[in-house]
Amino acid sequence: MMGWTRGIGLSVIISLSSAGGVFAAPSRPDRAPLPVVAPEAVGMSSRHLAHIDAIVQEAIARRELPGAVILVARQGRIVYWRAFGDRAVEPERIPMTRDTVFDLASLTKVVATATSVMILVERGKIRLGDPVARYIPEFAQNGKERITIEQLLQHRGGLIADNDLADYRDGPEKALERIYALRTVAEPGTRFIYSDVGYIVLGELVRRVSGQRLDDFAREHIFRPLGMMETTFTPTGALRERCAPTERREGRWMIGEVHDPRAYALGGVAGHAGLFSTARDLAIYCQMMLNGGTFRGVRILSPLSVRRMIEVRHLPPGEMRGLGWDVHTGYSSNRGDLFPIGSFGHTGFTGTSLWIDPASRTFVIFLSNRVHPDGRGDVTSLRGRVASVVAAAILRPPLPELWSPPWAIAPHVERPRARAPVETTSVLNGIDVLRRDGFRLLEGRRVGVITNHTGRARDGTSTIDLLARAPKVTLVALFSPEHGLRGQADGPVGDAVDEKTGLPIYSLYGPRRRPTAEMLRGLDTLVFDIQDIGARFYTYITTMGYAMEEAAARGIRFIVLDRPNPINGQDVEGSVADPDALSFTAYHPIPIRHGMTIGELALLFNAERKIGADLHVVKMEGWKREYWFDQTDQEWVNPSPNMRSLTAATLYPGVALLETTNVSVGRGTDRPFELFGAPWMDGRRVAEELNRRDIPGVRFVPIRFTPRASPFAGEECGGVAIVVTERAAVRPVRLGIEIAVVLHRLYPETWRVDAFGRLLAHRRTLELLKSGAEAETIERAWLTELERFRHIRQRYLLY
């Protein structure tokens, strides 16, 4: 690898009149698109802006990016425009220049797609509330007929974030057909799910309505009128020669070819990615937005359209977005800490971002190719810190309003809204269906049952008692998982005899974790009936997998009595376990939160691991994928001693990751998995840092507690209680990563970060965490494998 420069800038903070300097050579591609002035001329501090130089150079030295171009403007004048570091470090070093052309990645969504859609709205071709299927009839498949254009613009159409790359292997036409056939993963309008798929559909909508492909429409109606001559999809010629490379693909460096694999498969033109541009051209676009849709006499959008695009919408999970534009969500890190809510922007995966503040009439353009050369760069933190430096340099009006007068506050107070009633249905579990059908599936069989205290019918009768009394069924043996048959043990469990039935109880969580030939002697059927919790490292699913393997080896039928995933069956999250990291807490390469029922997991394990079991799943009746446990009209029974509530189960996939480190997760308290802490932890400091991150669906309160169980049994701990404010918005694995990022930064010498990898079972996540990466970057690192799992998972879903 070529050496990395420390990023000596190729220009300085500019103090030139429009009659000279960059305007003296109008043919140059890095000519200024706006007048260039000293920062003080528009009420900014040049001394403070100079802090950008140091933080960018330090980031380059840490190899977070090879180089960058940053442009800052205020009140229609450029005050800062610099190039740092290198455009390329492989196969040869090429210095970064201000006219470098960048792959904008997801900036395409706002600069090209959302803007094009709003132009069509202005011309009366479409309305935001129109169903997408009115213009793309094929999109109406599988319950998508009511998804609106506005919902796709706001990422609340209920569509998956990204569909499987295999859907694109047969060309653009087939890829779109497969997208139109997708099912929703959430009820449209109810959740914010950042979706590339939705913007691919919007790109096709522009083509269907206008008769022009997105690139042609945007060029004719946005870029050419504004003089953005360096902005295009699929750049060629001299423009391509100035492109910053990204990564290697198909044996060559991607230069002028879109990095996003789906946009690449679609021919380089797509609604979610594919646009290339320069800082110069993007400055024109940003100024157009600040001007209310016009630039130098050319109107692209009406003032009301611009206002509509950036109007804050409080989305159901508490996220705040405009139409395309980000305002205040988990993706807003590039806003920094000082620009107010009401400013807006967007980021791109390749390391790009825009942030625009109408109140101070300021915008910040940050362009990098952080994925060059090996995909490991990370500018999440840097983009936010640059924005904070810019905001802090603003000293004179116009400024965001510091204190609203009393009469201005009242009209904006958001009044409590009545919650819509939660749908509840009397769900029949597998045991209820088996019982109703007279146990016909077990007729004449000699049965062993793997169960515990959660194996019970709706009326509370245990599965053991039901099978023991079932006609023409011979119950021969009982098998217990971790925590024993009664669910109360917190360590290894021995064999025993059931007092009520006199049957042997064989422990599968003691010296052996698989049923032996001796245990299985005389059986022709194994029945599994245990309530899972929805997380990969909850060991009941491993017990099921091991038992399936032993049953298959001996020709024994395996029957799973299905039960709900208590934290719903549609949310899938977290890293997929590395194949070489499988263990009793990671039976198969699935994500931490798998979004499947125990029966669906059995089908997946049997097929993907080629177990070959004679497998039967007795399905539930009345259950829907979006249901949480409290929508099933069933009694909550603690699945294990410390899983005492649905709230604990909701947080468990993330908080439990801390348990293998030197942190208490509340075992031995009244609220396990709803708090965490340690004797060395300052709960107030940790809570303050976590609350500053605006993690969706939760807030943090500093506490002190003394756990009665390890670790730190009997020791007073400083810590944090997690308050769930909006359950549907909680992403527990992301929450766990956010906590880990904070602990690693606040206590780098004390917190045992290496132990965090034990339940993660994902080497890359731990590497990124140790390197100081932000949670957003860590999460992106597992998206490809996660979408591959989603595609596999789809084959085994029963509901």
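Residues numbered from 1 in each chain as written. Predicted model: local features only at pLDDT ≥ 70, side-chain atom pairs only at ≥ 80, totals over all residues. Heavy atoms only, no water.

1. Focus on the overall build of the chain
Now for step 1: Counting its secondary structure elements, the chain contains 25 helices and 28 strands.
Now for step 2: Relative to a compact globule of 799 residues, whose C-alpha radius of gyration would be 28 Å, the chain shows 29 Å and is just as compact.
Now for step 3: Referenced to the eigenvectors of the C-alpha coordinate spread, the extents of the chain come out at roughly 100 × 60 × 60 Å.
Now for step 4: Per-residue burial for the chain yields a buried fraction of 60% across its 799 residues.
Now for step 5: By element, 49% of the accessible surface of the chain is carried by carbon and sulfur atoms, the whole surface being about 30500 Å².
Now for step 6: Charge centroids of the chain, computed over 102 positive and 92 negative side chains, lie 3 Å from each other. (Helix = DSSP H or I, 4+ residues; strand = E, 2+ residues; numbered from the N terminus. Rg over C-alpha atoms; globule rule 2.2 N^0.38 Å. Buried < 20%, exposed > 50% of the residue type's maximum accessible area, 1.4 Å probe, protein only. Areas by Shrake-Rupley, 256 points an atom, 1.4 Å probe, with all protein chains shown as cover. Lys, Arg positive; Asp, Glu negative; His and termini not counted. Charge placed at Lys NZ, Arg CZ, Asp CG, Glu CD.)

2. As for helix α17 (residues 540-553)
One turn of the α-helix equals 3.6 residues, which is why residues spaced by three or four share an orientation.
Now for step 1: Between its first and last C-alpha, α17 extends 20 Å over 14 residues, near the 20 Å set by a 1.5 Å rise per residue.
Now for step 2: Taken across its 14 residues, α17 has 11 buried, putting it largely inside the fold.
Now for step 3: Along its buried surface, α17 packs onto β17 (445-451), α16 (517-520), β21 (525-529), β22 (557-561), α18 (598-608) and β25 (615-618).
Now for step 4: Backbone geometry just downstream of α17 places glycine 555 in the positive-phi region, at approximately 70°. (Expected span 1.5 Å × (residues − 1). Contact = heavy atoms within 4.5 Å.)

3. Details of the confidence of the model for the chain
Now for step 1: For the chain, mean pLDDT is 90; residues scoring 70 or higher make up 92% of the total.
Now for step 2: Segment residues 402-420 is flagged for pLDDT under 50; beyond a separation of four residues in sequence, or across chains, it makes four contacts in the model. (pLDDT = per-residue confidence, 0-100.)

4. Regarding the packing of helix α20 (residues 683-692) against helix α21 (residues 732-746)
Now for step 1: For the pair α20 and α21, interaxial distance at closest approach is 10 Å and the crossing angle is 130°. Between α20 and α21, the interaxial angle falls into the category oblique. Seen along the crossing, α20 lies across α21 with a hand that is right-handed. Mapping the contact onto sequence places Arg685, Val686, Glu689 and Leu690 in α20 and Glu738, Ile739, Val742, Leu743 and Leu746 in α21. (Axes fitted to C-alpha atoms, helices over the stretch in contact; angles between N-to-C directions. Parallel < 35°, antiparallel > 145°, perpendicular 65-115°, else oblique. Left-handed = near helix turned anticlockwise from the far one by under 90°.)

5. Considering the nonpolar core
Now for step 1: Met544, Phe558, Phe676, Val686 and Trp751 are the most contacted members of the largest nonpolar core, which totals 98 residues.
Now for step 2: Counting residues per element, this core draws most heavily on α21, at nine residues.
Now for step 3: Of all hydrophobic cores here, the second largest spans 90 residues; its members include Ile179, Leu226, Leu282 and Leu354. (Core = buried A, V, L, I, M, F, W, Y, C linked by side-chain atoms within 4.5 Å.)

6. Looking at the packing of helix α3 (residues 107-122) against helix α11 (residues 303-310)
Geometrically, a packed helix pair is captured by the angle between its two axes and the distance between the axes.
Now for step 1: With their axes 11 Å apart at the nearest point, α3 and α11 run at an angle of 130° to one another. Classed by the angle they form, the pair α3 and α11 counts as oblique. As α3 runs across α11, the sense of the crossing is right-handed. Where α3 approaches α11, its residues Ala114, Thr115, Met118 and Glu122 are matched on the opposing element by Ser305, Arg308 and Met309.
Now for step 2: Each residue belonging to the contact of α3 with α11 can be placed in one class, and the counts come to three nonpolar, two polar and two charged. (Nonpolar A, V, L, I, M, F, W, Y, C, P; charged D, E, K, R; others polar.)

7. Re the side chain of threonine 777
Now for step 1: Secondary-structure assignment places threonine 777 in helix α24 (residues 775-781).
Now for step 2: Excluding anything up to four places from it in sequence, threonine 777 contacts Asp378, Thr380 and Leu768.

8. Re the state of the cysteines
Now for step 1: Using the criterion set out here, one finds zero disulfides in the structure.
Now for step 2: Free of any disulfide, cysteine 243 has its nearest cysteine sulfur in cysteine 286, 19 Å distant. (Disulfide = S-S within 2.5 Å.)

9. Focus on the packing of aromatic side chains
Now for step 1: Under the criterion given, the structure shown has 17 aromatic pairs.
Now for step 2: Aromatic side chains tryptophan 325 and phenylalanine 344 sit 5.0 Å apart centroid to centroid with 75° between the ring planes, which places their arrangement in the edge-to-face category. Taken together, the positions of tryptophan 325 in the loop between β12 (320-321) and β13 (326-328) and phenylalanine 344 in strand β14 (residues 344-348) put the pair 19 residues apart, joining distant regions of the chain. No difference in accessibility class separates tryptophan 325 from phenylalanine 344, as the two residues are buried.
Now for step 3: With centroids separated by 5.7 Å and ring planes inclined at 70°, the aromatic side chains of tyrosine 546 and tyrosine 587 adopt a geometry described as edge-to-face. Pair noted here: tyrosine 546 is in helix α17 and tyrosine 587 is in the loop between β23 (573-576) and β24 (591-593), with a separation of 41 residues, a long-range link.
Now for step 4: Through a chain of ring-to-ring contacts, three or more aromatic side chains come together here, namely Tyr509, Tyr546, Phe584, Tyr587 and Phe605.
Now for step 5: Here the basic side chain of arginine 370 rests over the ring of phenylalanine 349, its NZ or CZ set 4.4 Å away from the ring centre.
Now for step 6: Over the ring of tyrosine 546 we find arginine 514; its NZ or CZ atom is 4.1 Å from the centre of that ring. (Phe/Tyr/Trp six-rings, centres within 6.5 Å; stacked < 30°, edge-to-face > 60°. Lys NZ or Arg CZ within 6 Å of the ring centre and 35° of its normal.)

10. Regarding the pattern of salt bridges
Now for step 1: In the structure shown here, the tally under the stated rule is 63 salt bridges.
Now for step 2: Among the ionic pairs, glutamate 550 bridges to arginine 514, the shortest N-O distance being 3.1 Å. Here arginine 514 lies in the loop between β20 (504-507) and α16 and glutamate 550 lies in helix α17, a separation of 36 residues in the sequence.
Now for step 3: Salt-bridge contacts for glutamate 688 lead to arginine 692; the nearest nitrogen and oxygen are separated by 3.3 Å. With glutamate 688 and arginine 692 both in helix α20, this residue pair falls four residues apart, about one helical turn.
Now for step 4: Linked through salt bridges whose partners overlap, the residues forming this network are Glu688, Glu689, Arg692, Arg693, Arg731, Arg734, Glu738, Arg745, Glu774 and Glu779. (Salt bridge = Lys/Arg side-chain N within 4 Å of Asp/Glu carboxyl O.)

11. Let's talk about the sheet that holds strand β28 (residues 717-724)
Now for step 1: The antiparallel open sheet is built from three strands, whose spatial order is β26-β28-β27. In this open sheet, the two strands that pair with only one neighbour each are β26 (675-678) and β27 (698-705). On average, adjacent strands in this sheet sit at an angle of 25° to one another, irrespective of strand direction. (Pairing = 2+ DSSP bridges.)

12. Some words on the pairing of strand β15 (residues 352-357)
Now for step 1: Taking burial as the measure, the six residues of β15 include six buried ones, the bulk of the element.
Now for step 2: Neither face of β15 is open: one carries Thr352, Leu354 and Ile356, the other Ser353, Trp355 and Asp357, and all of them are buried.
Now for step 3: Across five bridges, the pairing between β14 and β15 is antiparallel. In the sheet register, glycine 348 faces β15, and the bridge partner there is threonine 352.
Now for step 4: Two successive antiparallel strands, β14 and β15, enclose a turn made up of three residues, where glycine 351 displays a positive phi of approximately 115°.
Now for step 5: Summarising the sheet, β15 and strand β16 (residues 362-368) pair through five bridges and their orientation is antiparallel. Within β16, the residue paired with isoleucine 356 across the bridge is phenylalanine 363.
Now for step 6: Hairpin geometry of β15 and β16 is characterised by an intervening segment of four residues between the two adjacent antiparallel strands and by a positive phi of about 60° at arginine 361.

13. Observations regarding helix α10 (residues 279-290)
Now for step 1: With 12 residues, α10 should reach 16 Å at 1.5 Å per residue; the first-to-last C-alpha distance of 16 Å fits that figure.
Now for step 2: Extensive coverage of α10 is indicated by the burial of 11 of its 12 residues.
Now for step 3: All of the buried residues along α10 are Ala279, Arg280, Asp281, Leu282, Ala283, Ile284, Tyr285, Cys286, Gln287, Met288 and Met289.
Now for step 4: Backbone geometry just downstream of α10 places glycine 292 in the positive-phi region, at approximately 80°.

14. Here's the deal with the sheet that holds β25
Now for step 1: Across the sheet, which stays open at both edges, the seven strands sit in the order β19-β20-β18-β17-β21-β22-β25 with mixed pairing between neighbours. Edge positions in the open sheet fall to β19 (496-497) and β25, since each of these has one partner strand only.
Now for step 2: Of the pairings in the sheet, the one linking β21 to β22 comprises four bridges and is parallel in character. Residue leucine 526 lies in a different strand from β22, and its bridge partner there is phenylalanine 558.
Now for step 3: The sheet strands contacting α17 are β17, β21, β22 and β25, and the helix crosses β22 at an angle near 155°.
Now for step 4: Packing of α18 onto the sheet brings it into contact with β21, β22 and β25, and relative to β25 it is tilted by some 165°.

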